[in-house]
Amino acid sequence: MDIASGAAALPPLDKPSRPSRITPAELEALKLRDNSTNWSYLAFNWLVIVTTLAVALWAEQAIVAGGYSGWTLVPVALAAIIVMGASQHQLGGAIHEGTHYQLFANRTLNEAASDWLAGFPIYTSTHHYRLHHLPHHQFVNDRERDPIFAQADESGHWLDFPLTHVELVKGLVRLLWIPNLVRYTIARARYSALGLGNNPYGNPDKTGHPTVQALGILFAIGLPAILIGMLLAKLNAAVVMGVFFAIWAAAAVFYALIPEDWFPQGRVQPVLSHRVGAISRISFMAVVYGTLTAIDLGGYGKAWMYYGLYWIVPLFTTFPVFMILREWLQHGNADRGRYTNTRVFLTGPLFRYAVMPWGMDYHLPHHLMASVPHYRLKELHALMQRDPEYAAKAVVVEGLYGAANPTTGRPTTFGALLVEHAPKVREAVHVDDAVLERADVADAATIARLSQLSRRAEDGPQ
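Here's a quick rundown of the structure. (Residues numbered from 1 in each chain as written. Predicted model: local features only at pLDDT ≥ 70, side-chain atom pairs only at ≥ 80, totals over all residues. Heavy atoms only, no water.)

Time to look at the pattern of salt bridges. Under the definition given, this model contains 14 salt bridges. Put simply, Lys31 and Glu28 hold a salt bridge, and the shortest N to O gap is 3.8 Å. For Lys31, a relative accessible area of 14% translates into the label buried. Within the structure, one salt-bridge network assembled from shared partners comprises Asp142, Glu144, Arg145 and Arg336. (Salt bridge = Lys/Arg side-chain N within 4 Å of Asp/Glu carboxyl O. Buried < 20%, exposed > 50% of the residue type's maximum accessible area, 1.4 Å probe, protein only.)

The following block contains the structure:
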């Protein structure tokens, strides 16, 4: 860890500092990253996205050509929106790997690929998500310092665990209420896209100039409104594209010339500069918006309409459903213990794709050793069985709903949220300072102080 400020080092890690009975050589082998493996995972995610869009468009054309009722299009659109939301959640899994510096071994490639191929498409940046996610690891299930709970307070999506069967069903029904999903998406954007909100890795003394974030929001939302308005007004293509390029150029020049301290600063340094990140982000949006506009201007299809239906609608509906479900299942009805703050999920491939992407089904091993890439977490879980404490305390769930397995005693995925599976013993509070081992820390003294405060906290089960 690079202590950029030269401040005091973080406090010693909890003992043992690494999972017991795993040799140093085994641990280092598990942590190995490369610059090739995750290309196949990214390619598969984008193949599903492109295929879903192609099938939806083909089905629409076939329905129209066959003279069927327009209502026949509804189930096609709903199915596509569900798959798209699941695939957007997959992109969130890719950002998650990038946040831990392990999408690729090369740090610049890691950041650029995480942003351009995963974060920017769902209006998030890797750096801002990192500021939100790493403190979740360090202060997991600490209601005062884990940003998941601060975001939950804004969006109101958390449940009062543990639950009865009736409360769980009511929670799942409320989850599908679209206004609640929109509220969650807006709160998520504040934390993961803008770096705002109650976050211990944010720096309240260096919030930057408000114009920086305001311009980013206006570019993301206002530019589409301007372009669509000009298309509806049937303005000349040269005028439309001229206005488009002028707005992008003005925004890029603004971000290129403003002082560095205008950008909000966090307690973890960005891999790429704030300036590069801001220009890259609006440039990605410019590529998307410009391409959609050019397709519409050329008469090749209603690109903006389909972008709204098959990308923006899922982003505010099915994507947050899968996000919220994952947060509930991973950390709901859990405590702050080293081996009991989350679980391992043995479920089917469709559920894993939609709700537990990129190794998030092996979430307990991930929280124990966040520097292990997603494709080695299953192996880490197997090696951890050597540790009697892990074997005794780790919660492994299987199946989705119903009674616990009578042979193994394992609860089901949703059953683990119920009263009968609430933690029976208060485990010692675990704070994971090791999550910062690859990070460039800008304010180690404050993070160390927060770590000590969190260790002394005695929060009960969440």
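The next thing to look at is the nonpolar core. With 72 residues, the main nonpolar core has Leu227, Tyr289, Trp328, Leu329 and Val355 as its most contacted residues. Take this core: its biggest share by element is eight residues, from helix α13 (residues 318–331). Those residues in contact with Leu227 that sit more than four places away from it in its chain are Val240, Phe244, Tyr289, Thr293 and Trp304. Judged by nonpolar contacts, the second largest core, of 17 residues, contains Ile22, Val344, Tyr362 and Leu368. (Core = buried A, V, L, I, M, F, W, Y, C linked by side-chain atoms within 4.5 Å. Helix = DSSP H or I, 4+ residues; strand = E, 2+ residues; numbered from the N terminus. Contact = heavy atoms within 4.5 Å.)

Here we take up helix α4 (residues 107–119). Helix length check: α4, at 13 residues, gives a terminal C-alpha distance of 16 Å against a target of 18 Å (1.5 Å per residue), a shortfall beyond 12%. Of the residues making up α4, those classed as buried are Asn110, Glu111, Ala113, Ser114, Asp115, Ala118 and Gly119. Against the buried residues of α4 lie α3 (73–99) and α5 (126–138). If you check the start of α4, you find a side-chain oxygen 3.0 Å away from the backbone N of Thr108, and it comes from Asn106. (Expected span 1.5 Å × (residues − 1). Polar contact = N/O pair within 3.5 Å; in protein donor to acceptor, adjacent residues only side chain to side chain.)

Inspection of the secondary structure puts Leu223 in helix α9 (residues 210–232). In this structure the C-alpha to C-alpha distance between Leu223 and Ile247, which are 24 residues apart in sequence, comes to 8.0 Å.

On to the environment of Gln452, then. If you trace the backbone, Gln452 turns up in helix α18 (residues 444–456). Given the relative accessible area of 33%, Gln452 is considered partly exposed. A C-alpha to C-alpha distance of 36 Å links Gln452 and Gln88, two positions 364 residues apart in sequence.

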